[in-house]
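The chain contents come next:
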Amino acid sequence: MNTEYAVRDAREEELDTLLTLYRSYYRELKGYGINYELDEAQLPDVLRARMKSRLLLAAVAEGEDGRLVGFAFCAISRLGREHRCRGKNSVGFLQELYVVPEARRLGLASRLADYARDWLRGNDITTLSLEVLCGNPAGLAFWKRQGLVPVATICQQNLDEGDHPWKRM
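Just so it is clear, the structure is predicted and the values come from calculations on it, not from any experiment. (Residues numbered from 1 in each chain as written. Predicted model: local features only at pLDDT ≥ 70, side-chain atom pairs only at ≥ 80, totals over all residues. Heavy atoms only, no water.)

Trainee: Where do I start with helix α4 (residues 137-145) in this structure?
Mentor: Residues spaced three or four apart along an α-helix face the same direction, because each turn holds 3.6 residues. Considered for burial, the residues of α4 that qualify are Gly139, Phe142 and Trp143. Projection of α4 onto a plane perpendicular to its axis shows the buried side chains occupying an angular sector of 95°, all on one side. The exposed set on the far side of α4, more than 90 degrees from its buried face, consists of Pro137, Ala138 and Arg145. The inward-facing, buried residues of α4 contact β4 (90-99), α3 (108-122) and β5 (128-130). (Buried < 20%, exposed > 50% of the residue type's maximum accessible area, 1.4 Å probe, protein only. Helix = DSSP H or I, 4+ residues; strand = E, 2+ residues; numbered from the N terminus. Arc of directions from axis to C-beta. Contact = heavy atoms within 4.5 Å.)

Trainee: Would you mind showing me how to read the pattern of salt bridges here?
Mentor: Enumeration over the complete set of coordinates arrives at 14 salt bridges. Measuring nitrogen to oxygen at the nearest pair gives 3.2 Å for the salt bridge that ties Arg11 to Glu13. The class for Arg11 is partly exposed, based on a relative accessible area of 37%. Since its relative accessible area comes to 63%, Glu13 is described here as exposed. The closest approach of N and O atoms between Asp118 and Arg121, which form a salt bridge, is 3.0 Å. Of the two residues, Asp118 and Arg121 both sit in helix α3, three residues apart, roughly one turn of that helix. If you follow the salt bridges from partner to partner, you end up with Arg8, Arg11, Glu13, Glu14 and Glu62 in one network. (Salt bridge = Lys/Arg side-chain N within 4 Å of Asp/Glu carboxyl O.)

Trainee: Hey, could you run me through the pairing of strand β2 (residues 56-63) in this one?
Mentor: Side-chain positions along a regular strand alternate between the two faces of the sheet. Burial runs high along β2: seven of the eight residues are buried. As judged from the five bridges shared by strand β1 (residues 5-9) and β2, these two strands associate in the antiparallel manner. Bridging across to β2, Arg8 finds its partner in Val60. Here seven bridges tie β2 to strand β3 (residues 68-78), and the two strands are oriented antiparallel to one another. Paired with Val60 across the strands is Phe71, a residue of β3. Between β2 and the antiparallel strand that follows it, β3, lie four residues; Gly66 among them carries a positive phi value of about 90°. (Pairing = 2+ DSSP bridges.)

Trainee: What am I meant to see in the pairing of β3 here?
Mentor: Of all 11 residues in β3, nine are buried; the element is thus mostly enclosed. Bridge count between β3 and β4: nine bridges; the pairing is antiparallel. Bridge pairing in β4 links Cys74 to Leu94.

As structure tokens, this is what we get:
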């Protein structure tokens, strides 16, 4: 039996379910190499604020049984006064998008991404940006199929670990 899914704005009463989904998402990110730690004490307030903000989109994918199986968080980011992107001083940034493993390959990630794009267009934003972890080639392939192109590489260095070339100068 095929389940129908709806993509819509998240509701504040769904916070507990979103927290559970977010923790699953974060465990996957750890497997892809993210080196940030999740601050569990802050997470509920952060997600609640995202759901209330006019500059942030909190969207969910919901099955006909009422079960949430994915989410997307998208923000409007203001550029510095000295920058413009396609004539605008703001860009859209898809902060996070997640679909539970058992609901993947059903087009839900694409639908969540489209929902975010529509929200951005409705806010007069013409550019969408996002980050993909280097350890997630499937994610990069997905976003390339969605029409996004890599424009930068983010590099990090843990400054409190080991010997670094700049220390030897």
